[in-house]
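Residues per chain, in single letters:
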Amino acid sequence: MYKLFIKDIDVRRKRVMVRTDYNVPLDDEGNITDDTRIRATLPTINYLLDEEAKVIIASHLGRPEGKAIPKYSLKPVARRLQRFLSEKVKVTLAGDCIGPAVKKQIDEMRCGDVMVLENLRFHPGEEKNDPTFAKELASLCEVFIQDAFGNCHRKHASMIGVDDHVPSAAGFLLKKEMDYFEKAVNNPMRPVVALLGGAKVSDKIKIVENLSKKMDKVLIGGAMAFTFLKAQGFCVGKSLVEDSMLDVVKNLMDISRKNGTKLYLPVDFVVAETFDGQAETKVVPYQEIPDKWIALDIGPATTKLFIEALQDAKTIVWNGPMGAFELDAFSRGTYAMVDAVTSSHASTIVGGGDTDMAFHKSGKTHEVSFISTGGGAFLKLLEGGELPGIASLSDRRKSPRDGQSVPS
Ligand code: AMP
């Protein structure tokens, strides 16, 4: 990574702010239903605690839109974090995320303890990237560590503004995300295969474009496939199509052909009369989707085709489900791909909210090389874009002697 890493920077007994993405799901009673994002930041927090730093956690939660709304308080997060840390470590929730009272609390806290700042989005300055808000946050710390990979595509004050004022570096989670991505997409063991699904072509067209330059094969499932099929003149019934993207998709298929990337489309589908888990279903070849029916999952021949295409892969990148997998009747294709990927010897990186959910539901999260904690940020990287939250961190400089990056 071309950015400073936490180990490159002096954090010993310092006030260190860690930007985390603790935007965790909560149930109606305010209980955390999935704490993966909290657990993922423990290597950074424990490293700082070993260095006897004062650890100041900054995060957002939900969309309170600039107002202090109690149901979006980080209280349950602070409580959960306390459970994960040693009993010697005291985790306190601050009353706010900026201001003299918070500063005083931080002055008075012990080295080797943790202060969770209250939700950054209780202040409109966070999402507006207000420089005054960023400066106030920065005044609380001497060092800034970025570990909120899932939020790195957003130009918010805590993501790109605090590091204007204090030295900054990547935490362990951010580095792990970037290292896996680099290994899977920019410098992969070949053959490398992308498995893409989901609903919206317009959201993902740049991904297909970028990956068709880098991958050996791109397999397209999910509702995305219908825009590709319609662009080739096939009838797709009432399946989801983005007509505005038909020309873009035709052009993309030409580019892939020229690049020598093999683009795989489904050869059969599970279709239903209505978008309903109880509706009558049947399996049809891709040329025979009935006029008034909706294709909602890839069929068994496609599953076989995709499994075969994945067989020799040394690297697999997966984003997006193969069908409307939330309904059992249309989930078979997605779960067959979960099985294929987890039984493969390839190094696999999975990202994007829904794909991640399919792994969680199947109970196979531990059988895949890496599941990214970022949705939008992961998609941005797949598009070949730069993440502002990473770009703004302090750079490493090149050593004149060997061209290796060294801390500046
Ligand atoms: P995305 O956010 O673009 O990754 O899309 C994920 C959504 O795509 C999931 O909610 C799936 O239910 C949906 N999806 C996948 N395949 C289909 C399909 N054939 N028809 C309708 N929705 C689909």
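Quick caveat, the model's predicted, so the values are computed rather than measured.

## A closer look at the site of the ligand
Near the ligand you find 16 residues, and of these Ala199, Lys204, Gly323, Glu326 and Asp354 are the closest. The separation between a nitrogen atom of the ligand and a polar main-chain atom of alanine 295 is 3.2 Å. Relative to its free-state accessible area of 500 Å², the ligand is covered by the protein chains to the extent of 81%. Looking at the shell around the ligand residue by residue, the class counts come to 9 nonpolar, 3 polar and 4 charged.

## Considering the packing of aromatic side chains
Summed over all chains, the structure comprises 8 aromatic pairs. Aromatic pair phenylalanine 5 and phenylalanine 172: ring centres 5.0 Å apart, planes at 75°, arrangement edge-to-face. One end of the pair, phenylalanine 5, is in the segment before β1 (15–19); the other, phenylalanine 172, is in helix α8 (residues 172–186), with 167 residues separating them in the sequence. For phenylalanine 5, a relative accessible area of 13% corresponds to the buried category. Relative to tyrosine 286, the ring of phenylalanine 234 has its centre 5.1 Å away and its plane inclined at 75°; by these criteria the two rings are edge-to-face.

## Concerning the packing of helix α9 (residues 201–214) against helix α11 (residues 246–259)
Describing two packed helices takes the angle between their axes plus the distance from one axis to the other. α11 packs onto α9 with a crossing angle of 15° between their chain directions and a minimal axis gap of 9 Å. Our classification of the angle between α9 and α11 gives roughly parallel. Our pair here, α9 against α11, has a crossing hand that is left-handed. Here α9 contributes Val201, Ile205, Val208, Glu209, Ser212 and Lys213 to the contact with α11, which in turn contributes Val248, Val249, Leu252, Ser256 and Asn259. The class makeup of the residues in the contact of α9 with α11 is 6 nonpolar, 3 polar and 2 charged.

## As for the sheet that holds strand β7 (residues 192–196)
Strand order in this open sheet of 6 strands is β9-β8-β7-β13-β14-β15, and the pairing throughout is parallel. Here the strands that pair on one side only, and so sit at the sheet edges, are β9 (262–264) and β15 (370–371). Strand direction decides the pairing type here: strand β13 (residues 315–319) and strand β14 (residues 347–350), joined by 4 bridges, are parallel. Within β14, the position partnered with isoleucine 316 by the bridge is threonine 348. Where α9 meets the sheet, it contacts β7, β8 (217–220) and β13, and its direction lies at approximately 165° from that of β7.

## Side note on unusual backbone geometry
Residue proline 191 follows arginine 190 across a cis peptide bond; omega there is 0°. Along the polypeptide, proline 191 turns up in the loop between α8 and β7. The backbone of glutamate 52 sits at a positive phi, close to 55°, despite the residue not being glycine. Here glutamate 52 lies in the loop between α2 (42–50) and β2 (54–58).

## Topic: the domain arrangement of the chain
Domain annotation for the chain reports domain 1 (6–175) and domain 2 (188–382). Between domain 1 and domain 2, the C-alpha centre-to-centre distance is 36 Å. Between domain 1 and domain 2, the contact holds 9 residues from the first and 9 residues from the second. When domain 1 packs against domain 2, close to 640 Å² is buried across both sides, 69% of that on carbon and sulfur atoms. Counting across the interface, domain 1 meets domain 2 through 0 salt bridges. If you look at where domain 1 meets domain 2, you find 1 residue pair in polar contact (both at pLDDT 80 or more). Its residues assigned to classes, the side of domain 1 that touches domain 2 shows 4 nonpolar, 3 polar and 2 charged.

## Side note on the UniProt feature "binding site: (2R)-3-phosphoglycerate" (unreviewed entry) in the chain
Under the UniProt annotation, the feature "binding site: (2R)-3-phosphoglycerate" (unreviewed entry) is placed at Arg37, Arg121 and Arg154. Topologically, arginine 37 is positioned in helix α1 (residues 36–39). Overall, the relative accessible area of 26% leaves arginine 37 in the partly exposed class. With residues near it in sequence (within four places) discarded, arginine 37 still touches Asp21, Tyr22, Asn23, Val24 and Thr373. Here asparagine 23 takes part through its backbone oxygen, which lies 3.2 Å from a polar atom of the side chain of arginine 37. For arginine 154, the location among the structural elements is in the loop between β5 (143–146) and α7 (157–160). Judged by relative accessible area, arginine 154 falls into the partly exposed class, the value being 26%. Apart from the residues within four sequence positions on either side, arginine 154 is in contact with Arg63, Arg121 and Met159. Among the polar contacts listed, one links the side chain of arginine 154 to the side chain of asparagine 151, at a separation of 2.7 Å.

Definitions and limits used
- Residues numbered from 1 in each chain as written.
- Predicted model: local features only at pLDDT ≥ 70, side-chain atom pairs only at ≥ 80, totals over all residues.
- Heavy atoms only, no water.
- Near = heavy atom within 4 Å.
- Polar contact = N/O pair within 3.5 Å; in protein donor to acceptor, adjacent residues only side chain to side chain.
- Areas by Shrake-Rupley, 256 points an atom, 1.4 Å probe, with all protein chains shown as cover.
- Nonpolar A, V, L, I, M, F, W, Y, C, P; charged D, E, K, R; others polar.
- Phe/Tyr/Trp six-rings, centres within 6.5 Å; stacked < 30°, edge-to-face > 60°.
- Helix = DSSP H or I, 4+ residues; strand = E, 2+ residues; numbered from the N terminus.
- Buried < 20%, exposed > 50% of the residue type's maximum accessible area, 1.4 Å probe, protein only.
- Axes fitted to C-alpha atoms, helices over the stretch in contact; angles between N-to-C directions.
- Parallel < 35°, antiparallel > 145°, perpendicular 65-115°, else oblique.
- Left-handed = near helix turned anticlockwise from the far one by under 90°.
- Contact = heavy atoms within 4.5 Å.
- Pairing = 2+ DSSP bridges.
- Domains from an automatic or database assignment.
- Buried area = accessible area lost by both parts, 1.4 Å probe.
- Salt bridge = Lys/Arg side-chain N within 4 Å of Asp/Glu carboxyl O.
- UniProt positions renumbered as here; feature names shortened; annotations may be inferred.

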